[in-house]
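Each chain is listed here by its residues.
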Amino acid sequence: MVFSSASFLFYFLPLVLLLYYVGASTLKIRNTLLLAASFVFYAWGEGAYTIVMAISILANFWFGLWVHNAHRTSSAKLQIGLAIAFNITLLVVFKYTNFIVDNLNHFGVIPLGLQPIDVGKVHLPIGVSFFTFHCISYLMDIYRRQTPPNASLGQLALYIALFPQLVAGPIVRYKDIASQLSGRTVTVERFAYGVQRFVTGLGKKVLIANVVALPADKIFAVPADQLTTSVAWLGVLYYTLQIYFDFSGYSDMAIGLAHMFGFKFLENFNYPYISRNIREFWRRWHISLSTWYRDYLYIPLGGNRCSNARVTFNLVLVFFLCGLWHGASWSFIIWGLFHGFFLGLERTRFGAWMDKAWSPLAHAYTMLVVMVGWVFFRAENLDQATAFLKAMAGLGTGTGMEWHPGLFINPKVAIVLVLAVVGSAPVIPWLAAWRTRMLERTGSFFYGPFVDALTGLVAMPSILLLSCMALASGTHNPFIYFQF
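Here, residues in each chain are numbered from 1, in the same order as that chain's written sequence. A pLDDT threshold of at least 70 governs which residues receive local features in this predicted model, and a stricter bar of 80 or more applies before side-chain atom pairs are shown or counted, although totals over entire chains, interfaces and linings include all residues. Only heavy atoms go into the side-chain values, all of them from the structure, while hydrogens and water stay out.

Caption draft 1: Layout of the overall build of the chain. Put simply, DSSP H or I for four residues or longer makes a helix, DSSP E for two residues or longer makes a strand, and each gets a number counted from the N terminus. Along the chain, the regular secondary structure elements total 19 helices and 0 strands. A compact globule built from 484 residues should have a C-alpha radius of gyration of about 23 Å, and the chain, at 24 Å, falls within 12% of that. For the C-alpha atoms alone, the extent of the chain along its principal axes is close to 75 × 65 × 45 Å. Each residue is assigned to one of three classes by its accessible area relative to the maximum for its type, calculated with a 1.4 Å probe on protein chains only: buried under 20%, partly exposed between the two thresholds, exposed over 50%. When each of the 484 residues of the chain is scored for burial, the buried share is 50%. For the chain, long-range pairs separated by at least 24 residues make up 75% of all intrachain contacts whose partners lie at least 6 apart in sequence. The protein chains shown are the only cover counted for residues, whose accessible areas, like all others here, come from Shrake-Rupley with a 1.4 Å probe. Accessible area for the chain stands at about 22,300 Å²; split by element, carbon and sulfur atoms hold 69% of it. For the radius of gyration, the atoms used are the C-alpha atoms, and the globule rule reads 2.2 Å times the number of residues raised to 0.38. Contacts between residues were defined by any pair of non-hydrogen atoms, one from each residue, lying within 4.5 Å.

Here it is in structure tokens:
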């Protein structure tokens, strides 16, 4: 079920909220209700594959107790190793089997003249990458003695299956949410903030991401030999804005939903497109994933405490796995290695030079790297990515007669494009800070809190109404990160 679907907005969410606040009198009943709702939410799209998530929950509940008990007499390395291996195996079976078999056939079996291996199409359960990382986080926190295992199967199941973060994150650490599973309160102000945050995310997704997604999809469908430089750059610009507003919109909706039910998730985005370098970009983009890799892989590999060569190797390895986590294809692997290369490069004199460079130049460098990287992320395969990059570099073979930029822009898209570019910068926080300074300086009523209240009173209903109208028209809707 998609957050921005009519079935979720008008049936599922209102019903769950009604039962949660009217029909459930204790925290235990409310947890049970949320767990049941989460399984319905997941089964709505995955049907019988819900059993995969159920098996993962049961296994990790037992693994957590096993690792904890083993600590009394040993280092528990064997136990944590087997537990992690189980989770990785689950991920490999469902996500990478076809990729592995295809490459074995292409590079080994067929060149040797043998019969290709055929395993059929393995279904990828939605959200398997996310709930697997949740489970590994839970086990590692127990292994590091940062938290005890949860003795309640229901509470652990709720942590892993909680529907606001189940299929596309943010990746919530168990230690950050453990106390909220056994005790939480919701005030009117907090519930109102959750609604506001949810509506903001809905607007990002429906009114911006969906609008720029249509021309982006059309441009990425243009035959490679007909691409021109201007069309290719316009397509990448559209996709750059689409993926940010799509994923940050989803994160806003997840964080808003969490607040409505008394949970607090950490922020997942912090205006990544204003970054001055790739290091800063990854501190601002998909924060829950980058910090997961930092804490559970990069630091155990040695972090920054090694030689420069080893640190660079660690960074490239981490981002190779980060690319592979996103998808079982060479395009995602190249995307990860591409970012790993620039993170390594920024540890050389180049990085020191860029740190002192003129701010617009540093920003342009960052956006160039990010946008070129998005070509690998968006392209169907490496051949398409290569053709797209050639066109961006002015080496395309298109004449501009068949496809030109005017075909992919109209007044509505142009307005949304401008709003998206402005909205990807922290304009609202800047305006809020300016208003505060003016209030302190002048004491004028016109800079007071009523401005925020009035803005919210007008903006939120407008965004919700426009989003519902757009949804009713049946425009482009799937979230990009649902495929992971």
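Caption draft 2: Examining the packing of aromatic side chains more closely. Two rings from Phe, Tyr or Trp (for Trp, the six-membered ring) form a pair when their centres are within 6.5 Å of each other. A pair whose planes differ by under 30 degrees is stacked, one over 60 is edge-to-face, and the rest are tilted. Applying the stated criterion across every chain, the model contains 54 aromatic pairs. Ring geometry for Y21 versus F191: centroids 5.8 Å apart, planes at 90°, classification edge-to-face. With a gap of 170 residues between them, Y21 in helix α1 (residues 6-23) and F191 in helix α8 (residues 188-220) connect regions that are remote in the sequence. Overall, Y21 belongs to the partly exposed group, its relative accessible area being 31%. Taken together, a centroid distance of 5.6 Å and an interplanar angle of 90° make the contact between F281 and W282 edge-to-face. Judged by its relative accessible area of 1%, F281 is buried. Over the ring of Y20 we find R30; its NZ or CZ atom is 4.9 Å from the centre of that ring. Whether a charge sits over a ring comes down to the Lys NZ or Arg CZ being within 6 Å of the ring centre and within 35 degrees of the ring normal.

Caption draft 3: Layout of helix α4 (residues 77-109). Expected span of a helix, by definition, is 1.5 Å for each gap between consecutive residues, and there is one gap fewer than residues. With 33 residues, α4 should cover 48 Å at 1.5 Å per step; its first-to-last C-alpha distance of 37 Å lies more than 12% under that length. One fitted axis covers the seven residues ending at a residue, a second covers the seven starting there, and the bend at that residue is the angle between these axes. Bending of α4 peaks at approximately 70° at the position of Y96.

Caption draft 4: Geometry of helix α12 (residues 308-326). Here α12 is 19 residues long and its end C-alpha atoms lie 27 Å apart, about the 27 Å a rise of 1.5 Å per residue gives. Along α12, the residues classified as buried are V311, N314, L315, V318, F319, C322, G323, L324, W325 and H326. Looking at the buried positions of α12, the neighbouring elements they touch are α4, α5 (128-143), α10 (278-284), α11 (287-298), α13 (330-345) and α15 (359-378).

Caption draft 5: Fine view of the nonpolar core. What we call a nonpolar core is a set of buried Ala, Val, Leu, Ile, Met, Phe, Trp, Tyr and Cys residues that are connected through their side-chain atoms within 4.5 Å. Residues F3, F8, F163, F261, F263 and W374 are the most contacted members of the largest nonpolar core, which totals 143 residues. Of all the elements, helix α9 (residues 229-260) adds the most residues to this core, at 18 residues. Those residues in contact with F263 that sit more than four places away from it in its chain are L34, L158, L162, I177, Q180, L181, R184, R190 and A258.

Caption draft 6: The arrangement of the state of the cysteines in detail. Disulfides are defined in this document as cysteine sulfur pairs within 2.5 Å. One pass over the structure, following the stated rule, counts 0 disulfides. Residue C322 stays outside any disulfide, its sulfur separated by 19 Å from that of C135, the closest cysteine. On the basis of relative accessibility, which here comes to 3%, the residue C322 falls in the buried class.

Caption draft 7: Broad picture of a nonpolar patch on the surface. Residues enter patches when their relative accessible area tops 30% and they take part in no salt bridge; the joining distance is 9 Å for like charges and 5 Å for the nonpolar side chains Val, Leu, Ile, Met, Phe, Trp and Tyr. Any carboxyl oxygen of Asp or Glu that lies within 4 Å of a side-chain nitrogen of Lys or Arg is treated as forming a salt bridge with it. Together, I88, V92, I100, L104, I117 and V119 make up an exposed nonpolar region whose accessible area comes to about 440 Å². The topology assignment puts L104 in helix α4.

Caption draft 8: Fine view of the pattern of salt bridges. Scanning all chains against the criterion turns up 11 salt bridges. A salt bridge links R294 to D295; the nearest nitrogen and oxygen atoms lie 2.8 Å apart. For R294, a relative accessible area of 40% puts it in the partly exposed group. A salt bridge links R378 to E380, with the shortest nitrogen-to-oxygen separation between them at 3.7 Å. Since its relative accessible area comes to 61%, E380 is described here as exposed. Beyond isolated ion pairs, a larger network of salt bridges with shared partners links R197, K204, D252 and E267.

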